[in-house]
Amino acid sequence: MALTADEEVKVRQIIAAYNNGKRLNELPIADGSNPFGFITEVLDSDGESKQAGLAAMLPYVEEQCSYGGELDLSVSSSVLTRTGNVTLHKTLPIQSKMRGCLLSDNGTVIEYLNPNNWRAHKLDGSNGMVMVEIPDHWRRFYTNGNKRGVRISEYPLPGYHFVKKCYISAYEATVQRSTGKLASVVNTSADYRGGNNQADWDALPKTQLGKPATYMSRTAFRNAARKRGTTTEWNCMDYNAYITLAWLYYIEYGNLNCQLAFNAQKDSNGYAQGGLGNGVTTWDGTKWNNFSGYYPIIPCGTSDELGNASGEVAYTLEKAEGENSKVFTVPRYRGIENPFGHVWKWTDGMNMEVKTDANGGTSKVFVAIDPANYNDSNYNGYTLRGLAARQEGYTKEMIFGEHGDLIASLVGGGSTTYWCDYYYTYKNENRMQGVLFGGYTYRGVLAGFGYAHTANAPSAANAHVGSRLCFIPKA
């Protein structure tokens, strides 16, 4: 059938359009354009093509593809209002990807551990470090009047920052004594003796075999971690990794009080409820001192029967109080044992510049993103995140900001209100101070993810202060 003249013109136009067409990756970049002016093609429920303003669709996309929590500074409740997709609060797609693994010194996963019970694996260090993989995701912190909020997503939503995958030690770190390397292992040999390497305690109830290492400065912990490789990817507990872990917990449980009683059951909405219990925080300080001089009491791997899960495991310390034993409850969050309590954890990547009242009266919080810049003498490569509180007390407000910083900016809360955790600092010298997180064996209700101690210079070392091991991939 011959084409009419009009039909032939249309066919030629179709051919020309096809020949002159461009692939999507050949189109000009819209960077710098006003997104409120963008229009895209959409299909309605009947399959009909229509146009829609891109900006009008973005809030809907965020509501469907993110989940998080929001707190109101004007109320004292520690409960977060769950925001975003309610289904995601039930399935927890990001938290559910946290999993235990054995990691080689070059950062390669050797094997992932049985999610239900790790004890079938060789965790003594001969086959890699026992770590928990934190998946990459996207995150946004925001402030809206008295509201402070956080959202996380599996997708790169507008305004969200990328949080790259990292690895946090399953256990509080020890040291391989023959090499000086910081380690995350279950090993009761003398080569991995914890504490301050007290060999004469090996046959005593207070033995440090199998326990985390303490009585080391932040500098010493950093140096021991870096011995695992030739780059700055291996670190002691990393501040940026720590706040990532804390916010994953806060979002999952919808509550800032992590010492609420543990409850394995979901609530009527299908959400996680409760907390991780008191943790190893409730022993009398004098009794602990009499027993081991404040050195560690909980062996690494005590809660490994829980695998990748969260929960509590009872541990009995023999002859803890003379002839009497003492039972402790060891918490675990998705494979990470003692995320708070037992011993303080030195944390790297945050330096506080403290000036006395006579010299300006400020406590400035500086944070570095690149571990290559971590140091104990200056703030090069660090960014000012805000001003910390000058007094100690229960935290009422955190610096928060666009990174979710967990350093108190205002105290005046309580053990069950606002952030529920304590803040301790020191302001009587002009100096740099580091940060310890979590608390220790006799800090009780003061302890938790948000419990921060910023009174020590990075050179300080104490029997009740340890750290963790982290691997922060460059790519």
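Use the structure listed above.
All values reported here derive from a predicted model rather than from experimental measurement.

Cut-offs used in this document
Residues numbered from 1 in each chain as written. Predicted model: local features only at pLDDT ≥ 70, side-chain atom pairs only at ≥ 80, totals over all residues. Heavy atoms only, no water. Helix = DSSP H or I, 4+ residues; strand = E, 2+ residues; numbered from the N terminus. Contact = heavy atoms within 4.5 Å. 1 Å grid on protein atoms, 1.4 Å probe; cavity = no way out; pocket = protein on both sides within 12 Å on 5 of 7 lines; lining within 4 Å. Points joined across faces, edges and corners; volume = space filled by probe spheres on them. Nonpolar A, V, L, I, M, F, W, Y, C, P; charged D, E, K, R; others polar. Pairing = 2+ DSSP bridges. Axes fitted to C-alpha atoms, helices over the stretch in contact; angles between N-to-C directions. Buried < 20%, exposed > 50% of the residue type's maximum accessible area, 1.4 Å probe, protein only. Disulfide = S-S within 2.5 Å.

Q: Sorry, what's going on with the environment of Met98 here?
A: Here Met98 lies in the loop between helix 3 (86–91) and strand 5 (99–103). Filtering out sequence-adjacent residues up to four positions away, Met98 remains in contact with Val132, Glu133, Ile134, Pro135, Leu245, Leu248, Asn308, Tyr333 and Arg334.

Q: I would appreciate a short explanation of the layout of surface pockets in the present structure.
A: If you add up the space inside the largest pocket, you get close to 420 Å³. Along the wall of the largest pocket there are 18 residues; nearest its centre are Arg139, Phe162, Val163, Asn240 and Ile369. Elements that contribute at least two residues to the lining of the largest pocket include exactly strand 8 (137–144), strand 10 (161–163) and helix 5 (239–253). With four residues, the top contributor of residues to the lining of the largest pocket is helix 5. Lining the second largest pocket are 14 residues, with Glu252, Tyr253, Lys266, Ser310 and Arg334 sitting closest to its centre. Each residue belonging to the lining of the second largest pocket can be placed in one class, and the counts come to six nonpolar, five polar and three charged.

Q: Where do I start with the sheet that holds strand 15 (residues 311–321) in this structure?
A: Taken together, the three strands give an open sheet; going across it, the order is 15-16-17, and neighbouring strands pair in antiparallel fashion. Two strands bound the open sheet, and with one partner strand each, they are strand 15 and strand 17 (336–337). Two elements, strand 15 and strand 16 (residues 324–333), share eight bridges in a ladder whose sense is antiparallel. Across the sheet, Glu312 pairs through a bridge with Pro331, a residue of strand 16. Helix 5 contacts strand 16 and strand 17 of the sheet and is inclined by roughly 90 degrees relative to strand 16.

Q: Help me out: how do you make sense of helix 4 (residues 218–226) in this one?
A: Side chains three or four residues apart in an α-helix point the same way, a direct result of the helix having 3.6 residues per turn. Those residues of helix 4 that fall on the buried side of the exposure criterion are Arg218, Phe221, Arg222, Ala224, Ala225 and Arg226. Buried residues along helix 4 sit against strand 13 (181–183), strand 14 (234–236), strand 18 (344–354), strand 24 (431–438), strand 26 (465–466) and strand 27 (469–471).

Q: Before we go on, may I ask you to explain the state of the cysteines in this structure?
A: Note on terminology: a disulfide is the covalent bond linking the sulfur atoms of two cysteines. Scanning all chains against the criterion turns up zero disulfides. Of all cysteine sulfurs in the structure, the one in Cys470 sits closest to Cys300, which takes part in no disulfide; the separation is 15 Å.

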